[in-house]
Structure formats: structure tokens, C-alpha cells
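Given next are the chains, with one letter for each unit.
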Amino acid sequence: MTAASASVVVLAMVLAALAMWTVVPFGWLWIASQVTKTQAPSMGPYMLVLAGVIASIVLLGWILIRLNRLYVRITGSHTIGPIRPNWLKSMRDEGAASAPNVLEVVIVLSVLLAGVAMGVWFFLIAGSPIPSQ
């Protein structure tokens, strides 16, 4: 039961992290497009997108923190305190480096996936903006 519950929480964290890069910006762009009546809108829709994206990402960040706390409670693992990066440690320091927590892994992987998706779109799908004659 614990493994299944922890897996569901991790899946929810992955979906929330991916939503930061997909659902949130595209959703607010769609909302702004529904608000404006012209193809040359004033600053209102742009400010709506900016404020909406910021508020949504803050909300998703809060949800991710809560999900991480739930994961820690379910698995019984302890939260990790400040970690000194390996490149800042002396060669004589004792102890192995502690592993990152699930939230860190989920966020880093979602950022990497978003970067790869943007690169694929930019270089392979988008096409050239230069008009062909």
C-alpha cells in the first residue's frame, strides 16, 4: 500500500511539474486570446498572461511542496537539510554525498524535458521565419 501511494504522489508531482511548462503558459495564452477582440490588442491581455502565468506557477510550486511533504510522510524518509555540493567539498571530507529528494529530481527532469522539447520544436518543427522567394 505504501509503495502504491508513494507512486501516485510521484505521478502527481510529475504531472504538476510538466504542467508548469505546458498547461500554464498555453492555457493563459488561450484565455488572453478569448478576452481580446482584435489581433492588435492593448497591453491588457499581455498583462493578464504575465500575471496569470506567475500566479499559476506559484500555486503549482506550493502544490509540489505539499506533495513532497506527503511523499516524505508516506515513505517515512526524512527531509534533507542543506546539502553541500560535491564540488565544494574537500577531498578529505568524510561521508558519501546524500541523494537528492524526489521533488528535486522531478523538477530537474521536467526542466530538461521542456528544454529538449523546445529545441526539437525550434530546430525541426517550426520552420524558417525567412520568406522563401
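Residues numbered from 1 in each chain as written. Predicted model: local features only at pLDDT ≥ 70, side-chain atom pairs only at ≥ 80, totals over all residues. Heavy atoms only, no water.

Engineer: Hey, could you go over the packing of aromatic side chains for me, with residue numbers and the actual values?
Structural biologist: Scanning the model with the defined rule gives 2 aromatic pairs in all. Ring centres of Trp121 and Phe122 lie 6.5 Å apart, and the angle between their planes is 50°; on these two criteria the pair is classed as tilted. Judged by relative accessible area, which is 46%, Trp121 ranks as partly exposed. When the centroid spacing of 5.0 Å and the interplanar angle of 90° are considered together, the rings of Phe122 and Phe123 count as edge-to-face. There is no split in this pair, since Phe122 and Phe123 are both exposed. Through a chain of ring-to-ring contacts, the aromatic side chains of Trp121, Phe122 and Phe123 assemble into a single cluster. (Phe/Tyr/Trp six-rings, centres within 6.5 Å; stacked < 30°, edge-to-face > 60°. Buried < 20%, exposed > 50% of the residue type's maximum accessible area, 1.4 Å probe, protein only.)

Engineer: Mind laying out the packing of helix α1 (residues 2-21) against helix α4 (residues 102-125), listing which residues take part and the relevant values?
Structural biologist: At a closest axis distance of 9 Å, the pairing of α1 and α4 adopts a crossing angle of 35°. Between α1 and α4 lies a crossing whose hand is right-handed. Between α1 and α4, the residues in contact are Val10, Met13, Val14, Ala17, Leu18 and Trp21 and Val102, Leu103, Val106, Ile107, Ser110, Val111, Leu113 and Ala114, respectively. Residue composition of the contact of α1 with α4, by class: 13 nonpolar, 1 polar and no charged. (Axes fitted to C-alpha atoms, helices over the stretch in contact; angles between N-to-C directions. Helix = DSSP H or I, 4+ residues; strand = E, 2+ residues; numbered from the N terminus. Left-handed = near helix turned anticlockwise from the far one by under 90°. Contact = heavy atoms within 4.5 Å. Nonpolar A, V, L, I, M, F, W, Y, C, P; charged D, E, K, R; others polar.)

Engineer: With reference to specific residues and values, describe the packing of α1 against helix α2 (residues 23-35).
Structural biologist: Two elements in contact, α1 and α2, have axes whose closest approach is 3 Å; the angle formed by their N-to-C orientations is 45°. Looking at the two axes, α1 sits oblique to α2. Contacts from Ala19, Met20 and Trp21 of α1 reach α2 at Val23, Val24 and Pro25. For the contact of α1 with α2, the residue count by class is 6 nonpolar, no polar and no charged. (Parallel < 35°, antiparallel > 145°, perpendicular 65-115°, else oblique.)

Engineer: Before we move on, can you summarise the nonpolar core with the specific residues and values?
Structural biologist: Residues Val9, Met13, Leu60 and Leu64 are the most contacted members of the largest nonpolar core, which totals 14 residues. Residue assignment for this core shows that the elements contributing at least two residues are α1, α3 (43-75) and α4. In this view, Met13 contacts Leu64, Leu67, Asn68, Val102, Leu103 and Val106; residues no more than four positions away in its chain are not counted. (Core = buried A, V, L, I, M, F, W, Y, C linked by side-chain atoms within 4.5 Å.)

Engineer: Give a description of a nonpolar patch on the surface that names residues and reports values.
Structural biologist: On the surface, a cluster of nonpolar side chains totalling about 820 Å² of accessible area is made up of Val116, Val120, Trp121, Phe122, Phe123, Leu124 and Ile125. Turning to its location among the elements, Ile125 is positioned in helix α4. Using a relative accessible area of 58% as the deciding quantity, one classes Ile125 as exposed. (Patch = residues over 30% accessible without salt bridge, like charges linked within 9 Å, V, L, I, M, F, W, Y side chains within 5 Å. Areas by Shrake-Rupley, 256 points an atom, 1.4 Å probe, with all protein chains shown as cover. Salt bridge = Lys/Arg side-chain N within 4 Å of Asp/Glu carboxyl O.)

Engineer: Describe the side chain of Ser56, and please don't skip the residues or the numbers.
Structural biologist: Residue placement: Ser56 occurs in helix α3. Only 2.8 Å separates the side chain of Ser56 from the backbone oxygen of Gly52, close enough to count as a polar contact. If sequence neighbours within four positions are ignored, Ser56 has contacts with Val24 and Trp28. (Polar contact = N/O pair within 3.5 Å; in protein donor to acceptor, adjacent residues only side chain to side chain.)

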